[in-house]
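Given next are the chains, with one letter for each unit.
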Amino acid sequence: MTQKAKILVYGRVQGVYFRRFTQNKANHLGVVGTVRNLPDGGVEIIAQAHSPVFESFIAWCHKGPITARVDRVEVTELAPDVGLVAFDII
């Protein structure tokens, strides 16, 4: 089953290459979507993948790369989108 979600990540997640590491992890796992910095200092990820991969990616978002400090993650489920074909940094 394909799952899609908006994932908001807060903590020390800007200026630490969080978006690049997120893109690398997504590409490694086969996740499609986007990642972007938010004006409030957080990062927004739109992610879509098949269930086991999706859960693994969500778990990674709770830790992030070693350069970051993740304090809080909010996940909102969305309807899958067949138009997503890559994982891009916005």
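Residues numbered from 1 in each chain as written. Predicted model: local features only at pLDDT ≥ 70, side-chain atom pairs only at ≥ 80, totals over all residues. Heavy atoms only, no water.

Participant: Which parts of the structure should I look at to understand helix H2 (residues 51–63)?
Facilitator: In an α-helix, one turn spans 3.6 residues, which is why side chains three or four residues apart end up on the same side. In a regular helix each residue adds 1.5 Å, so 13 residues correspond to 18 Å; H2 covers 19 Å between its end C-alpha atoms and thus fits that length. Residues of H2 that are buried include every one of Ser-51, Phe-54, Phe-57, Ile-58, Trp-60 and Cys-61, and no others. On the buried face of H2, the contacting elements are strand E1 (2–12), helix H1 (18–29), strand E3 (43–50), strand E4 (69–78) and strand E5 (87–89). Phi turns positive, to about 70°, at Gly-64, one or two residues after H2. (Helix = DSSP H or I, 4+ residues; strand = E, 2+ residues; numbered from the N terminus. Expected span 1.5 Å × (residues − 1). Buried < 20%, exposed > 50% of the residue type's maximum accessible area, 1.4 Å probe, protein only. Contact = heavy atoms within 4.5 Å.)

Participant: Where do I start with the pattern of salt bridges in this structure?
Facilitator: Pairing between side chains of opposite charge can happen when the charged atoms of each approach one another. In this structure the tally under the stated criterion is 4 salt bridges. The residue Arg-36 makes a salt bridge to Glu-44 at a minimum N-O spacing of 2.7 Å. Using a relative accessible area of 32% as the deciding quantity, one classes Arg-36 as partly exposed. (Salt bridge = Lys/Arg side-chain N within 4 Å of Asp/Glu carboxyl O.)

Participant: Looking at this structure, how should I read the environment of Arg-36?
Facilitator: If you trace the backbone, Arg-36 turns up in strand E2 (residues 32–37). Between the alpha carbons of Arg-36 and Asp-88 there is a distance of 8.8 Å; along the sequence they are 52 residues apart. The contact partners of Arg-36, leaving out residues within four places of it in the chain, are Arg-19, Gly-42, Val-43, Glu-44 and Ile-90. Within the local environment of Arg-36, its side chain forms a polar contact with the side chain of Glu-44, the two groups lying 2.7 Å apart. (Polar contact = N/O pair within 3.5 Å; in protein donor to acceptor, adjacent residues only side chain to side chain.)

Participant: Honestly, the UniProt feature "active site" (unreviewed entry) in the protein chain in this entry has me stumped. Any pointers?
Facilitator: Per the UniProt entry, the sites bearing "active site" (unreviewed entry) are Arg-19 and Asn-37 in this numbering. With the annotated positions falling across 19 residues, the maximum pairwise C-alpha distance of 7.8 Å places them together in a single cluster. Take Arg-19: it is sitting in helix H1. According to the relative accessible area criterion, Arg-19 is partly exposed, its value standing at 27%. Not counting residues within four places of it along the chain, the set of residues in contact with Arg-19 comprises Val-35, Arg-36, Asn-37, Ile-89 and Ile-90. As for its placement among the helices and strands, Asn-37 is situated in strand E2. (UniProt positions renumbered as here; feature names shortened; annotations may be inferred.)

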